[in-house]
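Close look at the chain arrangement
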Number of protein chains: 2
Amino acid sequence: MTRPTPLSGFPEWLPEQRLVEQQVLDRLRRTFELYGFSPLETRAVEPLDQLLRKGETSKEIYTLHRLQAAEGDDEPSLGLHFDLTVPFARYVLENAGKLQFPFRRYQIQKVWRGERPAAGRYREFLQADIDIVDRDTLPSHYEAEIPLVIGDALRSLPIPPVKIMVNNRKLCEGFYRGLDIDEPEEILRIVDKLDKVGPDAVKAEIAGKYDEARADACLALAAIRAQDASFADEVRKLGVEHPLLDEGVAELAAVVETAREHSPGLVEATLKIARGLDYYTGTVYETELAGFEQFGSICSGGRYDNLASAGRDVFPGVGISIGVSRLLGLLFKAEALTVSRPVPTAVLVALWSEQDRPVSNRIAASLRSRGIATEVAPVPAKLGKQIRHAERRGIPFVWFPANGDNPDQVKDIRSGEQVDAEGWAPPAEDIAPTLR
Amino acid sequence: MTRPTPLSGFPEWLPEQRLVEQQVLDRLRRTFELYGFSPLETRAVEPLDQLLRKGETSKEIYTLHRLQAAEGDDEPSLGLHFDLTVPFARYVLENAGKLQFPFRRYQIQKVWRGERPAAGRYREFLQADIDIVDRDTLPSHYEAEIPLVIGDALRSLPIPPVKIMVNNRKLCEGFYRGLDIDEPEEILRIVDKLDKVGPDAVKAEIAGKYDEARADACLALAAIRAQDASFADEVRKLGVEHPLLDEGVAELAAVVETAREHSPGLVEATLKIARGLDYYTGTVYETELAGFEQFGSICSGGRYDNLASAGRDVFPGVGISIGVSRLLGLLFKAEALTVSRPVPTAVLVALWSEQDRPVSNRIAASLRSRGIATEVAPVPAKLGKQIRHAERRGIPFVWFPANGDNPDQVKDIRSGEQVDAEGWAPPAEDIAPTLR
């Protein structure tokens, strides 16, 4: 077999990076559970018609085929899920009778998209989603809760600060309708391109469809940003009135003020945030990582009034998704996130001879029973070689079993300090690898 | 949209069951890391020629196709991995220069097989694998370490006791060669069917190829079982001699005796264990769960001398794989594994009115900062309704914010006991859901 090469678009981490990823996921999980989100996992595949239900041709889907499928095998056409929202919607419908509503779940899984690989665009990547769904109606206070969860989750990591930018679809739609614009979705789509094409192009496009005054008003709205409810005054100054606008302003004010009490600076009302997707109906979220703004949002989502429906049952919800692989890819490339040591192991037990392996095994078992990750040396090599083995693997301590008159001793191979092993335990910061 | 129905062969757990699965995986990970195994994850797909490399036509492979692939797109043929060994072998070759050997990793991922779904046979399922690989040579003491890891991992779960049955390929091959049998693999394949077809059929088949005396000897060997090195005497009593037999006996004795010192009763030399796969070259493992023996091995593996090779580099290894989905499927069906409550949440903070939400939010934030999973009531319903909401979700405690002259209070809704909230914390056993 020749040495294989990576597959473009399918990132794989080295063991040390996977250790980082694991710890990141553990902290996300921890925060999600502190807010009462239940873990959930759905199968990787969905019937193809489900995946295509919303006309989602923009997401390149991978379809599955059994290599040995026989002529006449009547099996459903399956594809790999391209996000965690479509499978979650299907799961909620399928299991509605067994779930308690409002249902809050988190879901951390790989998704697949057959798009052309490019820098930061993967064909297989990990997402971490949270959603709260209810039956029939969902109170808007949940839209204010989501940023608190994400704030706590991302701020529990040693990464640059994040800013969650929020807007509200009702606010925009109400504003546009107040301007007698009859196709507000179209304006949203135009404003969505603001950062890419600039205000002049946006103004020209809107003015071309309506008039310059309304184009100016739309741009003035999009320019508003504030970290408190003062954005509402700015909106009112534009002199547009519509009941939907009032509703949206009130909801957005609640989101911003709830977050401001929880952690000042976390959330900013940013009225240019549009989010491309049609199905959002209230608050929308995008998230910037300080110093990495040019790479776009690392965590996005919003409120949707119809996640799923079957017959008379309608399930509105609100959710957000962290692009874990993308985030880690950025941080790894910038060497901005690493771990205190590359292996779980804290102690290597040295080995005097192969016959003494049971002695070293017993020491290892005793350390493990105290929660200290331990390996025994692979071979009874010269002591210097055993120490170098620990060094190469990144194991901080070597334990020397008693030998002749010498009692058991432990060496910190970073400092060279060697102490009596009796009653020894690694310092708290060396028990497990930690993020930094 | 009509209510969707499950896809046969693609199991999905309810949130409560996923909570169990998460905790099981956490405990497995914890044990693997205590033994110094590094976490690793590989992409879900491999080039099709890799998957078919060992002529593995017995594993039904799912191939992938981009729905929107254009005419002339020159992309490699990809398939979903059907186990974690093939991708691990490829990963080791691809990254050999960046890994430290002996390299020990664990890998917990879904695998896919397009086989006909049947009871306990899934098309998508979770495996938890550990392997130790080295470059060029791998000392046999690692074959004795694997059962200790698995023993600790599975015994950390509140499930029936497990017994790891071990045999050694060298022992069998040496024995057969000592009998002047020139195709020992064939005898292995016949003996592998012992439990299915019975000793008479096995005897007849071997006798048909060789003679009755040798068939009897092979059956006598397969009948040997012991939880200590005494199996070696039984083997010697059969009067067969071969250097490879001696080597296998010594290795197996080390495995059994190492395990006996670690946890008596965990490992049994069981000389009928053959394992179907060709690539094992030393110790082989199968694992029985007490009371579930008829469902077959829940955890299997062995030593292989050539996991992967490229040019002059050869990577021998030893590994074992826990069939997590299968194991949980069995335990869930038998109602033999559950969790103390169905949600992570320990406390529901009641809500006097929507205007009071910030008060309840502050209480929730303070509890979370102390590591106590907390939700705020969805709506300011009547108190009885809020308590019933907690009850329905399985949340054990309801916190009533101060109201008029009444200070903050906490009610254990299982016992009905209500106490002053000042300084209150849930009892240790109620902090998080626990397996039982």
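Residues numbered from 1 in each chain as written. Chains lettered and ligands numbered in written order. Predicted model: local features only at pLDDT ≥ 70, side-chain atom pairs only at ≥ 80, totals over all residues. Heavy atoms only, no water.

Operational definition: UniProt positions are given in the numbering used here, feature names are shortened, and annotations may be inferred rather than shown by experiment.
Taking an unreviewed UniProt entry as the reference, chain A is identified by name as Histidine--tRNA ligase belonging to Dactylosporangium aurantiacum. Regarding chain A, the UniProt comment filed under Subunit (unreviewed entry) reads as follows: "Homodimer." As its UniProt record puts it under Catalytic activity (unreviewed entry), chain A is described as follows: "tRNA(His) + L-histidine + ATP = L-histidyl-tRNA(His) + AMP + diphosphate + H(+)".

1. So, the nonpolar core
Generally speaking, soluble globular proteins have nonpolar side chains that are buried together. Spelled out, the test is: Only buried Ala, Val, Leu, Ile, Met, Phe, Trp, Tyr and Cys residues count toward a nonpolar core, and they belong to the same one when joined by side-chain atoms within 4.5 Å. Relative accessibility under 20% of the residue-type maximum defines a buried residue, over 50% an exposed one, and the middle range a partly exposed one, all with a 1.4 Å probe and only protein chains included. Helix and strand definitions here come from DSSP, where helices need a minimum of 4 consecutive H or I residues and strands a minimum of 2 consecutive E residues; each element is numbered from the N-terminal end.
Counting residues in hydrophobic clusters, the biggest one holds 88 residues, and the most contacted among them are B:Leu28, B:Phe32, B:Tyr176, B:Phe231 and B:Ile322. Counting residues per element, this core draws most heavily on helix α4 (residues 141-155) of chain B, which supplies 8 residues. Within the second largest apolar cluster, 87 residues are counted, among which are A:Ile146, A:Phe175, A:Leu179 and A:Ala259.

2. What about the relation of the copies chain A and chain B?
Operational definition: Least-squares superposition aligns the copies on the C-alpha atoms of those residues with pLDDT at or above 70 in both. Whether two residues touch is decided by their heavy atoms; if any such pair falls within 4.5 Å, the residues are in contact.
Each copy of the sequence occupies a distinct position, and chain A is placed on chain B by a rotation of 180° and an axial shift of 0.0 Å, giving an RMSD of 0.0 Å. Expressed as an axis order, the relation between the two copies is that of a two-fold axis. Distance from the rotation axis, computed per C-alpha, reaches its smallest value in chain A at A:Leu64: 2.5 Å. Of the residues that chain A buries at the interface, 99% are likewise interface residues in chain B, meaning the two copies contact each other through the same surface.

3. Some points on a negative patch on the surface
As a reminder, the rule being used: Like-charged residues are merged into a patch within 9 Å and nonpolar side chains (Val, Leu, Ile, Met, Phe, Trp, Tyr) within 5 Å, provided each residue has over 30% relative accessible area and no salt bridge. Here the accessible surface of atoms and residues is derived via Shrake-Rupley with a 1.4 Å probe, and residues count as covered only by protein chains that are part of the display. The salt bridge definition used is simple: a Lys or Arg side-chain nitrogen within 4 Å of an Asp or Glu carboxyl oxygen. Counted as positive: Lys and Arg. Counted as negative: Asp and Glu. His and the chain ends are not counted at all. One atom stands in for each charge, and that atom is NZ of Lys, CZ of Arg, CG of Asp or CD of Glu.
Judged by side-chain charge, A:Asp180, A:Asp182, A:Glu183, A:Glu185 and A:Asp278 come together as a negatively charged surface patch. Mapped onto the elements, A:Glu185 comes out in helix α6 (residues 184-191).

4. Regarding the state of the cysteines
Residue and element names in this part refer to chain B. Note the threshold: By definition, disulfides here are pairs of cysteine sulfur atoms that lie within 2.5 Å.
If you walk through the whole model with that rule in mind, you get 0 disulfides over all chains. In this structure Cys-172 is a free cysteine whose sulfur lies 9.2 Å from that of Cys-218, the closest cysteine sulfur available. On the basis of relative accessible area, Cys-172 is assigned to the buried category, the value being 2%. The thiol of Cys-299 is not disulfide-bonded; the next cysteine sulfur, from Cys-172, is found 19 Å away.

5. Overview of the interface of chain A and chain B
Put simply, an interface is often sized by how much accessible area is lost when its parts join up. Heads up, the rule is: The term buried area denotes the loss of accessible surface (1.4 Å probe radius) that occurs when two parts are joined, taken as the sum for both partners. Throughout this description, a polar contact denotes any pair of N or O atoms lying within 3.5 Å of each other; where both atoms belong to protein, one of them has to be capable of donating a hydrogen while the other can accept it, and for residues adjacent in sequence the pair is counted only when both atoms sit in side chains. Lys, Arg, Asp and Glu make up the charged group, whereas Ala, Val, Leu, Ile, Met, Phe, Trp, Tyr, Cys and Pro make up the nonpolar group; the residues left over, Gly among them, are polar.
The interface of chain A with chain B comprises 105 residues on the first partner and 104 residues on the second. With both chains or domains summed, chain A and chain B bury close to 8800 Å², and 53% of this area falls on carbon and sulfur atoms. The tally of links from chain A across to chain B stands at 16 salt bridges. Where chain A meets chain B, there are 44 residue pairs in polar contact (both at pLDDT 80 or more). A total of 10 residues in the side of chain A that touches chain B trace back to one element, the largest contributor, which is helix α1 (residues 15-34) of chain A. When its residues are assigned to classes, the side of chain A that touches chain B shows 47 nonpolar, 24 polar and 34 charged.

6. Describing the domain arrangement of chain A
Put simply, the rule is: Segmentation of the chain into domains, including their bounds, is taken from an automatic or database domain assignment.
If you check the domain split of chain A, you get domain 1 (15-333) and domain 2 (347-430). One C-alpha centre belongs to domain 1 of chain A, the other to domain 2 of chain A; they are set 50 Å apart.

7. Re the environment of A:Pro76
Inspection of the secondary structure puts A:Pro76 in the loop between β3 (62-66) and β4 (78-80). With 117 residues separating them in the primary sequence, A:Pro76 and A:Lys193 have C-alpha atoms 39 Å apart.

8. Comments concerning the environment of B:Glu247
Residue and element names in this part refer to chain B. Along the chain, Glu-247 turns up in helix α11 (residues 243-262). Given a relative accessible area of 39%, Glu-247 falls into the partly exposed group. Placed 35 residues apart in sequence, Glu-247 and Gly-282 show a C-alpha to C-alpha distance of 9.7 Å. Looking at Glu-247, its side chain comes within polar contact range of the side chain of Lys-170, at 3.0 Å.

9. So, a positive patch on the surface
Together, A:Lys382, A:Lys385, A:Arg388 and A:Arg392 give the surface a local cluster of positive charge. If you trace the backbone, A:Lys385 turns up in helix α14 (residues 383-393).

10. Things to note about the pattern of salt bridges
The tally for this structure, following the rule as stated, stands at 76 salt bridges over all chains. The salt bridge involving B:Glu143 is made with B:Arg303; its shortest N-O contact spans 3.1 Å. With B:Glu143 in helix α4 and B:Arg303 in strand β11 (residues 299-310), this residue pair connects regions lying 160 residues apart in the sequence. Each member of the pair B:Glu143 and B:Arg303 is classed as buried. Through salt bridges with shared partners, one network takes in A:Glu12, B:Arg43, B:Glu46, B:Arg90 and B:Glu94.

11. Describing empty space enclosed by the protein
Note the cut-off: Only protein atoms enter the 1 Å grid used here, on which a cavity is any set of points holding a 1.4 Å probe that cannot leave and a pocket is any open set flanked by protein within 12 Å on both sides along at least five of seven lines; residues with an atom within 4 Å of a point are listed as lining. Grid points are joined across faces, edges and corners, and a volume is the space filled by probe spheres set on the points.
In this structure the tally under the stated criterion is 5 cavities of 30 Å³ or more. There is about 670 Å³ of room inside the largest cavity. Around the largest cavity, the lining is made up of 36 residues, and of these A:Arg18, A:Glu41, A:Ile108, B:Glu41 and B:Ile108 lie nearest the centre. Mapped by element, the contributors of at least two residues to the lining of the largest cavity are α1, β5 (103-112) and β6 (124-133) of chain A together with α1 (15-34), β5 (103-112) and β6 (124-133) of chain B. Among the elements that line the lining of the largest cavity, the one with the most residues is β5(B), at 6 residues. In terms of residue class, the lining of the largest cavity is made up of 15 nonpolar, 8 polar and 13 charged.

12. Regarding the packing of aromatic side chains
Residue and element names in this part refer to chain B. Operational definition: Side-chain rings of Phe, Tyr and Trp (the six-membered ring for Trp) are treated as a pair once their centres are within 6.5 Å; stacked means planes under 30 degrees apart, edge-to-face means over 60, and tilted covers the remaining angles.
Scanning the entire structure with this criterion turns up 21 aromatic pairs over all chains. Arranged with centres 6.2 Å apart and planes meeting at 40°, the rings of Phe-292 and Phe-295 form a pair that is tilted. In this structure Phe-292 comes out as buried when scored by relative accessible area, which is 11%. Arranged with centres 6.3 Å apart and planes meeting at 75°, the rings of Trp-399 and Trp-424 form a pair that is edge-to-face. Pair noted here: Trp-399 is in strand β15 (residues 397-400) and Trp-424 is in the segment after β17 (418-420), with a separation of 25 residues, a long-range link.

13. Let's talk about the packing of helix α5 (residues 169-178) of chain A against helix α9 (residues 212-222) of chain A
Residue and element names in this part refer to chain A. Test applied: Axes here refer to lines fitted to C-alpha atoms; in helices the fit is confined to the stretch in contact. Angles between the N-to-C directions go from 0 to 180 degrees. These descriptions rest on fixed angle ranges, namely under 35 degrees for roughly parallel, over 145 for roughly antiparallel, 65 to 115 for roughly perpendicular, and the rest for oblique. Each crossing gets its hand from how the near helix is turned against the far one by less than a right angle, where anticlockwise is left-handed and clockwise is right-handed.
In the contact formed by α5 and α9, the axes pass within 11 Å of each other and the chain directions differ by 160°. Of the possible angle classes, the one that applies to α5 and α9 is roughly antiparallel. Relative to α9, the crossing made by α5 is right-handed. Contacts between α5 and α9 involve Leu-171, Cys-172, Phe-175 and Tyr-176 from the first element and Ala-217, Cys-218 and Leu-221 from the second.

14. Details of the pairing of strand β10 (residues 280-289) of chain B
All names here are of chain B. Using the following cut-off: The criterion for strand pairing is that DSSP finds at least two bridges linking the strands in question.
Among the 10 residues that make up β10, 8 are buried, leaving the element largely enclosed by the rest of the structure. Inspection of the sheet shows strand β7 (residues 162-168) paired to β10 by 7 bridges, in the antiparallel sense. Within β10, the position partnered with Ile-164 by the bridge is Thr-287. Taken together, the 3 bridges between β10 and β11 define a ladder with antiparallel strand orientation. What sits directly across from Tyr-285, in β11, is Gly-301.

15. What about the sheet that holds strand β17 (residues 418-420) of chain A?
Residues and elements named next belong to chain A. Read from one edge of the open sheet, 5 strands run β14-β13-β15-β16-β17, paired in mixed fashion. Each of the sheet's edge strands pairs with one partner strand only, and the pair in question is β14 (374-376) and β17. Going from strand to strand, the sheet's axes swing by 25° on average, the running direction of each strand aside. Here 3 bridges tie strand β16 (residues 409-412) to β17, and the two strands are oriented antiparallel to one another. Paired with Val-410 across the two strands is Val-419, which belongs to β17.

16. Thoughts on unusual backbone geometry
Residues and elements named next belong to chain A. Cis geometry is adopted by the peptide bond preceding Pro-102, which originates at Phe-101 and carries an omega value of -5°. As for its position among the elements, Pro-102 is in the loop between α3 (85-95) and β5. Its identity is not glycine, yet Glu-335 carries a phi of approximately 50°, on the positive side. In this fold, Glu-335 is placed in the loop between α12 (324-333) and β13 (347-349). The exposure class of Glu-335 is exposed, given its relative accessible area of 71%.

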